[in-house]
Amino acid sequence: MSETEMVIPRHVAVIMDGNGRWALERGLKRTEGHREGRKATQRFMREADARGIGYVSLYAFSTENWSRPEPEVEALMGLIESALVAELEELCRNDVRMYWSGRREGLPAPMLRALDGAVAATADNRGMVLNLCVNYGGQIEIVDATKEIARKAVAGELDVEEIGPETVQQHLYVPEVPPVDLLIRPGGDLRISNFLLWQTAYAEFYVMPDYWPSFTGEHLDAAIADYNRRQRRFGGLVLVE
Ligand code: FPP
């Protein structure tokens, strides 16, 4: 299939894994890997936008990442916060709208300010959507949605018999973001790691051995080409004449 015939996935999600291993293999500290990972994130955004991808979800910090050593957690928080402040102008220049998926509890005030600030500052942008996942866990997101639905049911605002998949979708952190079409995982691990559990129900997985800091546009092209070779059936059948 030629480049021009490629179907571009509407929503691409990335588990940005392998920063630590990238650094250790080079005799560097893990935090150096995260710094390079930040550069890869910037590259990825430009390459995704250039290919006409509508939505990108990035797993920057999970609810489980708090169990890492304190200096690494602090370094990650500082890195994500400073990237948000530093990249805001470029996001706006490129008409990118940012949403944040995650829990407020536990996040330091400067991080909350940076996240809320970026969401507000990009609210009128109409280009590519960035769903940044910080202090995010797929199970907790579904728990939070369930609590909200239960509260409404108890208050009589919602009929239990009417609850369906769309009800859950409407109570996710960012209901506007459509299902994931393509999930990319660098670093070789074959697992979902509590990322976008609801949204990846029918996502195609692309696992690559290279680490996130070495991610380039060529990796993205390879992932899109692989996606184009998949036959998406969504639980149904493709009938051959
Ligand atoms: C996983 O690698 C990566 C993370 C937990 C952090 C991801 C964060 C960034 C890429 C920083 C930049 C983010 C933004 C939004 C600017 P790992 O440390 O688990 O790697 P390992 O599996 O090799 O140990």
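To be clear, the structure that these remarks concern was listed above.
Anyway, here's the lowdown on the structure attached to this text.

Cut-offs applied
Residues numbered from 1 in each chain as written. Predicted model: local features only at pLDDT ≥ 70, side-chain atom pairs only at ≥ 80, totals over all residues. Heavy atoms only, no water. Near = heavy atom within 4 Å. Polar contact = N/O pair within 3.5 Å; in protein donor to acceptor, adjacent residues only side chain to side chain. Areas by Shrake-Rupley, 256 points an atom, 1.4 Å probe, with all protein chains shown as cover. Pairing = 2+ DSSP bridges. Helix = DSSP H or I, 4+ residues; strand = E, 2+ residues; numbered from the N terminus. Axes fitted to C-alpha atoms, helices over the stretch in contact; angles between N-to-C directions. Contact = heavy atoms within 4.5 Å. Salt bridge = Lys/Arg side-chain N within 4 Å of Asp/Glu carboxyl O. Buried < 20%, exposed > 50% of the residue type's maximum accessible area, 1.4 Å probe, protein only. Expected span 1.5 Å × (residues − 1). Arc of directions from axis to C-beta. 1 Å grid on protein atoms, 1.4 Å probe; cavity = no way out; pocket = protein on both sides within 12 Å on 5 of 7 lines; lining within 4 Å. Points joined across faces, edges and corners; volume = space filled by probe spheres on them. Nonpolar A, V, L, I, M, F, W, Y, C, P; charged D, E, K, R; others polar.

One non-glycine residue with positive phi stands out, namely Leu196, at about 40 degrees. Of note in the backbone geometry, Phe234 takes a positive phi value of approximately 50 degrees without being a glycine.

Another point: the site of the ligand. Lining the immediate environment of the ligand, one finds 19 residues, of which Met16, Asp17, Arg21, Arg30 and Arg68 sit closest. Within the side chain of Arg68, an N or O atom sits 2.7 Å from an oxygen atom of the ligand. In isolation the ligand has 630 Å² of accessible area, and contact with the protein removes 90% of it.

Let us now look at the sheet that holds strand β5 (residues 182-186). Where strands meet in a sheet, backbone hydrogen bonds hold them as pairs that are either parallel or antiparallel. Pairing is parallel across the open sheet formed by 6 strands, whose spatial order is β3-β4-β2-β1-β5-β6. The open sheet is flanked by β3 (97-101) and β6 (204-208), the only strands paired with a single partner. The sheet shows a mean angle of 20 degrees between the axes of neighbouring strands, direction not considered. Contacts from helix α2 (residues 30-50) reach β1 (11-15), β2 (55-62) and β4 (129-136) within the one sheet, and its direction differs from that of β2 by about 165 degrees. Sheet strands touched by helix α4 (residues 109-121): β3 and β4. Its angle to β3, the strand with the most contacts, is close to 140 degrees.

What follows covers the pattern of salt bridges. For the structure shown, the criterion picks out 20 salt bridges. A salt bridge links Arg46 to Glu90, with the nearest nitrogen and oxygen atoms 2.8 Å apart. You can see Arg46 sitting in helix α2 and its partner Glu90 sitting in helix α3 (residues 70-93), a full 44 residues away along the chain. Since its relative accessible area comes to 44%, Arg46 is described here as partly exposed.

Counted at 1.5 Å a residue, the expected span for α4 with its 13 residues is 18 Å, and the 18 Å between its end C-alpha atoms agrees. Listing the buried residues of α4 in full gives Met111, Leu112, Ala114, Leu115 and Ala118. With its buried residues spanning 165 degrees around the axis, α4 presents them on a single face. Away from its buried face, by an angle of more than 90 degrees, α4 presents the exposed residues Arg113 and Ala120. Its buried side turned inward, α4 meets α3, β3 and β4.

Within this model, the largest pocket holds a volume of roughly 950 Å³. Met16, Thr41, Tyr59, Ala60 and Phe61 are, among the 41 residues lining the largest pocket, the residues nearest its centre. Those elements that place two or more of their residues in the lining of the largest pocket are α1 (19-24), α2, β2, α3 and β4. Per element, the largest residue contribution to the lining of the largest pocket is 9 residues, and it comes from α2. For the lining of the largest pocket, the per-class residue count stands at 19 nonpolar, 11 polar and 11 charged. Space inside the second largest pocket adds up to approximately 160 Å³. Lining the second largest pocket, in full, are Gln169, Pro179, Val180, Asp181, Trp198, Gln199, Ala201, Tyr202, Arg232 and Phe234.

By themselves, these are just geometric observations and shouldn't be taken as functional.
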